[in-house]
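Close look at the chain arrangement
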Amino acid sequence: MASGLGGILAVRLLGLALVVGAVLCAARAGRLLGGARGSVLAAATCAALVSDPLLGTREVDAETVGLPIVMLASVLALEAVRRPRGRQRAGLLVASGAAGAAALLVKQNLADGLVFAVAMTALAALTGKAPRREPLADVAWVVFGAVLPCAAVSVWAAATSGAPALWYSLYGFRIAASASLFTGSSVAQATRIHGLAMAALLSGLASLIAAAAWVAVSRGRHDATSVALLAMLATEILGVAGGGYYWTHYLIGLIPATCLLVGRACAHAVRARLLIGLVVSSLLLSVAQVAVAATRTATPAGGEVGTLTAWLTRSERPRDSAVVLYGEAALFDTTRLRPAYPFLWTLPQRVLDPHLNRLVRTLDRSDRPTYVVVRSSLDPWAQDPHGRVRRALERHYTLAAHVCTDSVYLRRGTTRATPPGTPCPTAAAS
């Protein structure tokens, strides 16, 4: 949608709106959980974390889209349990369930908002003076709300691509993709896990979670809200761990429970001082990381992708096409090149074209792509033991240039003004 409205600028504006929505929801949730101080600290926590580049927040990922929806589900659940029984309470519970399910439709592991809504309503009723049937009634309203967006999307899918295609897109693909974890590099996996842990520490996220969760645990046996928040946090941690590939933007999924736990912990005057210090530290760390990221973005070459984009822009012509081995979707947004191969990123290619049959056919066909960009080795995932991709390149392409660490191949018989190779800006600087 954002791409149709204006490309990267629209995506950035959408991301900004999502972040603002998340901060506003955090402020409201914080007020409901910890008064005025809770509102300020929950909003500040959200603002600090969603703006920290260490957490991968410079990209609009599924976690970015789901974040304000999860926060909204939590706010609606908190509003509902403070209302007397009646239509208003039921409506808020339905809306909370709908928002929680909508987050799940954005990304499969964003179940935290729905878990919080169910736990909050059930525990609030159980610890109150209502008859035993009331907790079931409240949970039923949440579940009914969750069914509504799922049913609407199912009807839409049945009328378009079909329900099986929807199921495969949401879960079947992820199940199939989990098998690729065992064929990937264990060194790369360990590197990503280390990067994830360091990002959580250096952003202040880990310390905020630890401090706020400690407060919740210390009073959790007597407080339904704290138990619901801990259940929410556990769901988020499982979501990050279950992602498998451990990219840093997974940590965005921990922000909702962190903000709510901070807001709740502010009800304790003594412990609030520690949280205030941690939130301020997180804000300062975020500002410092934004400043560092801004200086890197301001470099003339713009990194490897920017250097490659500049080289291709000087060489390409209208209607040229390209394949990037094995995936770099950003290149097709920063150049006029058309993708000749449907899998623009590594994981879809590894799952949907595991033996590279479609890739080889693409390179062999008569209307083969103009350029082939090799961003790593020709077989980084051991999918091509017989070297079919290498032989296809030898048959139909010539090496045009080395750009940074990438090799650019040009289709034989194609006349293009190919600039000389370009070193990476970091290499040039060193």
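Here the structure is a predicted model, which is why all the values come from computation and not from measurement. (Residues numbered from 1 in each chain as written. Predicted model: local features only at pLDDT ≥ 70, side-chain atom pairs only at ≥ 80, totals over all residues. Heavy atoms only, no water.)

1. Observations concerning the overall build of the protein chain
Put simply, the test is: Put simply, DSSP marks the helices as runs of H or I at least four residues long and the strands as runs of E at least two long, and each gets a number from the N terminus on. Relative accessibility decides the category of a residue: with a 1.4 Å probe and only protein chains considered, values under 20% of the type maximum give buried, values over 50% give exposed, and everything between is partly exposed. Only heavy atoms enter the contact rule, under which two residues are in contact if any of them lie within 4.5 Å.
Helices and strands together make up the secondary structure of the protein chain, namely 18 helices and 5 strands. The buried share among the 430 residues of the protein chain stands at 48%. In the protein chain, 69% of the contacts between residues at least 6 apart in sequence involve partners at least 24 apart.

2. A few points about the packing of aromatic side chains
This is how the line gets drawn: Here is the rule: rings of Phe, Tyr and Trp (six-membered ring for Trp) pair when centre to centre is within 6.5 Å. Planes less than 30 degrees apart are stacked, more than 60 are edge-to-face, and the remainder are tilted.
For the structure shown, the criterion picks out 2 aromatic pairs. Judged by centre distance (6.4 Å) and plane angle (80°), the rings of Trp141 and Phe144 are edge-to-face. Pair noted here: Trp141 and Phe144 are both in helix 6 (residues 133-159), with a separation of 3 residues, about one helical turn. The partly exposed category is assigned to Trp141, whose relative accessible area is 39%. Plain terms: the ring middles of Tyr341 and Phe343 are 5.3 Å apart, the flat faces sit at 85° to each other, and that makes the pair edge-to-face. For the pair formed by Tyr341 and Phe343, the shared burial category is buried.

3. Details of the sheet that holds strand 1 (residues 321-325)
Counted only if it meets this: DSSP calls a pair of strands paired once it identifies at least 2 bridges connecting them. The convention used is that axes are lines fitted to C-alpha atoms, helices contributing only their stretch in contact, and that angles between N-to-C directions extend from 0 to 180 degrees.
Overall, mixed pairing links the 5 strands, which are arranged 2-1-3-5-4 in an open sheet. Each of the sheet's edge strands pairs with one partner strand only, and the pair in question is strand 2 (338-339) and strand 4 (397-403). Across 4 bridges, strand 1 lies against strand 3 (residues 371-374) in parallel orientation. Paired with Leu325 across the strands is Val374, a residue of strand 3. Running over the sheet, helix 17 (residues 388-396) touches strand 1, strand 3, strand 4 and strand 5 (406-411) and is turned about 105° from strand 4.

4. Examining helix 16 (residues 357-364)
Note the following rule: Directions from the helix axis toward the C-beta atoms define the arc.
Taken residue by residue, helix 16 has Leu359, Val360, Thr362 and Leu363 as its buried positions. On an axial view of helix 16, the arc spanned by its buried residues comes to 155°, and they lie on one face. On its buried face, helix 16 is in contact with strand 1, strand 3, helix 17 and strand 4.

5. Observations concerning the pattern of salt bridges
The following threshold applies: For salt bridges, the criterion is a side-chain nitrogen of Lys or Arg within 4 Å of an Asp or Glu carboxyl oxygen.
Under the defined criterion, the tally for this structure stands at 12 salt bridges. Ionic pairing is found between Asp138 and Arg89, a salt bridge with its closest N-O pair at 2.7 Å. With Asp138 in helix 6 and Arg89 in helix 4 (residues 87-106), the pair connects residues that are 49 residues apart, well separated along the chain. Considered together, Asp138 and Arg89 belong to a single accessibility category, that of buried residues. A salt bridge links Arg395 to Asp364; the shortest N-O distance between them is 2.9 Å. With Arg395 in helix 17 and Asp364 in helix 16, the pair connects residues that are 31 residues apart, well separated along the chain. Members of the salt-bridge network, linked through shared partners, are Arg28, Glu79 and Arg83.

6. Considerations on the nonpolar core
The tendency in soluble globular proteins is for nonpolar side chains to be buried as a group. Defined as follows: Among buried residues, the Ala, Val, Leu, Ile, Met, Phe, Trp, Tyr and Cys ones that are joined through side-chain atoms within 4.5 Å form a nonpolar core.
Core analysis: the largest hydrophobic core is formed by 74 residues, its most contacted members being Cys46, Phe116, Leu251, Ile255 and Leu260. Looking at this core element by element, the count peaks at 14 residues for helix 2 (residues 8-50). Those residues in contact with Phe116 that sit more than four places away from it in its chain are Ser74, Ala77, Leu78, Ala228, Leu229, Met232 and Leu260. Grouped together as the second largest cluster of nonpolar side chains are 17 residues, Leu325, Tyr326, Ala340 and Leu363 included.

7. Quick look at unusual backbone geometry
Residue Tyr326 is reached from Leu325 by a cis peptide bond, and omega for that bond is -5°. Here Tyr326 is to be found in the loop between strand 1 and helix 14 (331-334). In the Ramachandran plot, Leu356 falls in the positive-phi region, its phi being about 60° despite a non-glycine side chain. If you trace the backbone, Leu356 turns up in the loop between helix 15 (346-352) and helix 16. The exposure class assigned to Leu356 is buried, which follows from its relative accessible area of 0%. One non-glycine residue, Cys404, lies in the positive phi region at around 55°.

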